[in-house]
Amino acid sequence: MTRPTPSAPIVEDDLHAYVDGLLDAERRKAVQDHLDRDPEAAAAVTRLIAQRQLLRSAFAPIVDEPVPERLQLRTLLAQRQEPPTRHWRWAAAVLVALGAGSVGGWQVRDRWEQVNVAANGVANAGANGIAALAGEARSSYLAYASDAPEDLDRERLLRVVSDKLRRPVEIPDLSAAGYRFAGGRLIATVHGPAGMFFYDREDGTRMAVMLRPMAVEKEAPMMAQTTGPIGGYSWAMRGLGYSVVGTESPTTLHPVADEVRRQAREKASI
């Protein structure tokens, strides 16, 4: 199969490969850029991520169980050598097991129905993850933006946040976008600790970058989230959720969010 070039049109197979982590770096960036421009494609990817996580959770109790002897390849090959009557008996037994009521096949069918219903009705679990992240960023911004950040030097702040998030984090350098790092703090959210870094512009405008681990949506495209005067952009990458939040317009904050994501990608690739 011919590998698509980064400039090739994005098709459905690319979206599935993006969710499954099967794209190379160039193609993944091309898909990510496409998702940033196409809200419908981004929503479709969010649903795919939610369904993938849902299926994994639903079948987690049996995923590590050994394959039964009757389903081993050598057993199946041996059965092919037996007389046809043997196959009819085996097929009849399968039909009985699948159709004999609640003990056999109906339980299997019900399990799949539960997964299908959940995938249709709760597929927004992934979307709720990003929505929750964005909501926590907005509420934390409202709570802390007007206060002076905690009096921690940069290295100590990074050490405290990294320890609590159980992964190394970096403070984005947004000087090229016109923002000066003003300090930060470790904050508490409904989904655990998070780091919030504040930035000021020369005119006094303040914005912030919040990040915390993601339990469900470990990969999610950038999405705009706004409520009242507070808004920004949120996404997830390699298990870490990012939010760029402030009172400025989405047009102003979008390139800032792009720069935060670019730096995070560079750090992850090292």
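As the structure is a computational prediction, the values presented were derived from the model and not from experiment.

Thresholds applied
Residues numbered from 1 in each chain as written. Predicted model: local features only at pLDDT ≥ 70, side-chain atom pairs only at ≥ 80, totals over all residues. Heavy atoms only, no water. Pairing = 2+ DSSP bridges. Helix = DSSP H or I, 4+ residues; strand = E, 2+ residues; numbered from the N terminus. Axes fitted to C-alpha atoms, helices over the stretch in contact; angles between N-to-C directions. Phe/Tyr/Trp six-rings, centres within 6.5 Å; stacked < 30°, edge-to-face > 60°. Buried < 20%, exposed > 50% of the residue type's maximum accessible area, 1.4 Å probe, protein only. Lys NZ or Arg CZ within 6 Å of the ring centre and 35° of its normal. Salt bridge = Lys/Arg side-chain N within 4 Å of Asp/Glu carboxyl O. pLDDT = per-residue confidence, 0-100. Contact = heavy atoms within 4.5 Å. 1 Å grid on protein atoms, 1.4 Å probe; cavity = no way out; pocket = protein on both sides within 12 Å on 5 of 7 lines; lining within 4 Å. Points joined across faces, edges and corners; volume = space filled by probe spheres on them. Nonpolar A, V, L, I, M, F, W, Y, C, P; charged D, E, K, R; others polar.

Visitor: I'm lost on the sheet that holds strand S6 (residues 240-246) in this one. Help?
Guide: Remark on secondary structure: sheet strands pair via backbone hydrogen bonds, oriented parallel or antiparallel. Pairing within the open sheet is antiparallel, and its six strands lie in the order S1-S2-S3-S6-S5-S4. Across the chains shown, the open sheet's two edge strands, defined by having one partner strand only, are strand S1 (180-189) and strand S4 (220-227). Across the sheet, the mean angle from the axis of one strand to that of its neighbour is 20 degrees, orientation sign disregarded. Strand direction decides the pairing type here: S1 and strand S2 (residues 192-200), joined by nine bridges, are antiparallel. Counted as the bridge partner of alanine 188 is proline 193 from S2.

Visitor: Even after reading the chapter, I still don't get the packing of aromatic side chains, so can you show me in this structure?
Guide: In this description, a pair of aromatic rings is defined by centroid distance and the angle of the planes. Within the structure shown, the criterion is met by three aromatic pairs. For the ring pair phenylalanine 181 and phenylalanine 197, a centre distance of 6.4 Å and an interplane angle of 65 degrees mean the geometry is edge-to-face. Taken together, the residues span a long stretch of sequence, with phenylalanine 181 in strand S1 and phenylalanine 197 in strand S2 at a distance of 16 residues. A ring pair is formed by tryptophan 235 and tyrosine 242, whose centres lie 5.4 Å apart and whose planes are at 10 degrees; its orientation type is stacked. Tyrosine 242 shares its class with tryptophan 235; the two are buried. Members of the aromatic cluster, connected to one another through ring pairs, are Phe181, Phe197 and Tyr199. Over the aromatic face of tyrosine 18 sits the side chain of arginine 28, whose NZ or CZ is 4.4 Å from the ring centroid. Across from the ring centre of phenylalanine 181, 5.0 Å away, lies the NZ or CZ of arginine 154, which sits over that ring.

Visitor: Would you mind showing me how to read the pattern of salt bridges here?
Guide: Two side chains of opposite charge can pair, provided their charged atoms sit close to one another. All chains considered together, the criterion is met by ten salt bridges. Across the pair arginine 262 and glutamate 259 runs a salt bridge whose closest N-O atoms are separated by 2.6 Å. Highlighted residues: arginine 262 and glutamate 259, both in helix H9 (residues 250-269), separated by three residues, approximately one helical turn. For arginine 262, a relative accessible area of 36% gives the class partly exposed. Across the salt bridge formed by glutamate 266 and arginine 262, the nearest N and O atoms sit 2.6 Å from each other. Of this pair, glutamate 266 and arginine 262 both sit in helix H9, four residues apart, which is roughly one turn of that helix. Each of Arg180, Asp200 and Arg206 takes part in salt bridges that share partners, so that together they form one network.

Visitor: Can you help me understand the pairing of S4 in this one?
Guide: Each regular strand carries side chains that alternate between the two faces of the sheet. Judged from the six bridges that link them, S4 and strand S5 (residues 230-237) form a sheet pairing that is antiparallel. From the neighbouring strand, threonine 226 faces S5, where its bridge partner is glycine 231. Where S4 hands over to S5, the hairpin turn is made up of two residues, of which glycine 228 adopts a positive phi near 65 degrees.

Visitor: How should I be thinking about the confidence of the model for the chain in this particular structure?
Guide: Detail in the predicted coordinates should be disregarded across regions flagged by low pLDDT. Looking at the chain as a whole, the pLDDT averages 76, with 69% of positions reaching at least 70. For residues 94-127, every residue scores under 50 in pLDDT, and the model assigns this stretch 33 contacts once sequence neighbours within four places are set aside.

Visitor: Got a minute to help me understand the layout of surface pockets in this structure?
Guide: Considering only enclosed or pocket space, the second largest pocket measures out at about 410 Å³ in volume. As for the second largest pocket, its lining consists of 18 residues, and the residues nearest its centre are Pro168, Glu170, Tyr242, Ala264 and Lys267. Looking at the lining of the second largest pocket, the elements that each hand over two or more residues are helix H8 (154-165), S6 and H9. The dominant element in the lining of the second largest pocket, judged by the number of residues it contributes, is H9, at five residues. For the lining of the second largest pocket, the class distribution of residues is twelve nonpolar, one polar and five charged.

Visitor: Honestly, empty space enclosed by the protein in this entry has me stumped. Any pointers?
Guide: In this approach, a probe sized like a water molecule rolls over the atoms, and the result shows the empty space that is left. Taken as a whole and judged by the stated rule, the model has one cavity of 30 Å³ or more. If you add up the space inside the largest cavity, you get close to 40 Å³. Taken together, Ala134, Ala137, Arg138, Gln225, Gly231, Gly232, Tyr233, Ser234, Ser243, Val244 and Val245 make up the full set of residues lining the largest cavity. Sort the elements by how many residues they give to the lining of the largest cavity and S5 lands first, with four residues.

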